[in-house]
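In case you want the letters, here they are:
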Amino acid sequence: MRSKVKEAARELGLAIELKTLDDSTATVAEAANALGVVEGQIAKSIVFVMDGEPVVVVASGRHRIDREKVCDALDCAEGRMASGDEVRAATGFPIGGVPPIGHGLPVVFDTALLDYDEIYAAGGDANTLFAVAPRALAGCVHALVAPVGE
């Protein structure tokens, strides 16, 4: 999985270094603790099914995602979080390891991530992540940037 993330980054022109840690980074708290950063710098990639189609919402770890705000941003009638099976089928990655790149899905990018010079995103599994400038990441994936936090 990590090779898929490295290849996607290269294709997008992102210079990243994947870092695999001994401890799990599957949750925001675990990732922030392992890296010694604030939870807001952790970019969690959550798959939603919006009007029947999968979308990746990349949100700051400092808050929960407000489903209604995602619906408003995408002008959707209904939306829900994807199940584990749906996440794997749509992205090719497991929950806890979904990166913001390498899946080909539309991306909604939380404006709260723009408060930081550097954020940390999943690198394909529950122990791997990478640092990236949030504006560069949002730009290269042509993300819809919107406030999605509760």
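1. Re the pattern of salt bridges
(1) Moving on: All told, the structure shown has 5 salt bridges when counted by the stated rule.
(2) Moving on: Of the charged contacts in the structure, one is a salt bridge between Asp 115 and Arg 62, with a shortest N-O distance of 2.8 Å. One end of the pair, Asp 115, is in the loop between strand E5 (107-110) and strand E6 (119-122); the other, Arg 62, is in the loop between strand E3 (53-60) and helix H3 (67-74), and 53 residues separate them in sequence.
(3) Moving on: Under the relative-accessibility criterion, Asp 115 is labelled exposed at 52%.

2. Regarding the environment of Gly 124
(1) Moving on: For Gly 124, the location among the structural elements is in the loop between E6 and strand E7 (128-132).
(2) Moving on: On the basis of relative accessibility, which here comes to 1%, the residue Gly 124 falls in the buried class.
(3) Moving on: Counting along the chain gives 29 residues from Gly 124 to Ile 95, while the straight-line C-alpha distance between them is 9.4 Å.

3. With respect to the nonpolar core
(1) Moving on: Counting residues in hydrophobic clusters, the biggest one holds 29 residues, and the most contacted among them are Val 58, Ile 101, Phe 109, Ile 119, Phe 130, Leu 137 and Val 141.
(2) Moving on: Elements that contribute at least two residues to this core include exactly helix H1 (2-12), strand E2 (42-50), E3, E5, E6, E7 and helix H5 (134-140).
(3) Moving on: Apart from the residues within four sequence positions on either side, Ile 119 is in contact with Gln 41, Ala 43, Phe 109, Leu 113, Phe 130, Ala 131, Val 132, Pro 134 and Leu 137.
(4) Moving on: Listed in part, the 12 residues of the second largest apolar core include Met 50, Val 55, Ala 59 and Ala 146.

The rules behind these values
- Residues numbered from 1 in each chain as written.
- Predicted model: local features only at pLDDT ≥ 70, side-chain atom pairs only at ≥ 80, totals over all residues.
- Heavy atoms only, no water.
- Salt bridge = Lys/Arg side-chain N within 4 Å of Asp/Glu carboxyl O.
- Helix = DSSP H or I, 4+ residues; strand = E, 2+ residues; numbered from the N terminus.
- Buried < 20%, exposed > 50% of the residue type's maximum accessible area, 1.4 Å probe, protein only.
- Core = buried A, V, L, I, M, F, W, Y, C linked by side-chain atoms within 4.5 Å.
- Contact = heavy atoms within 4.5 Å.

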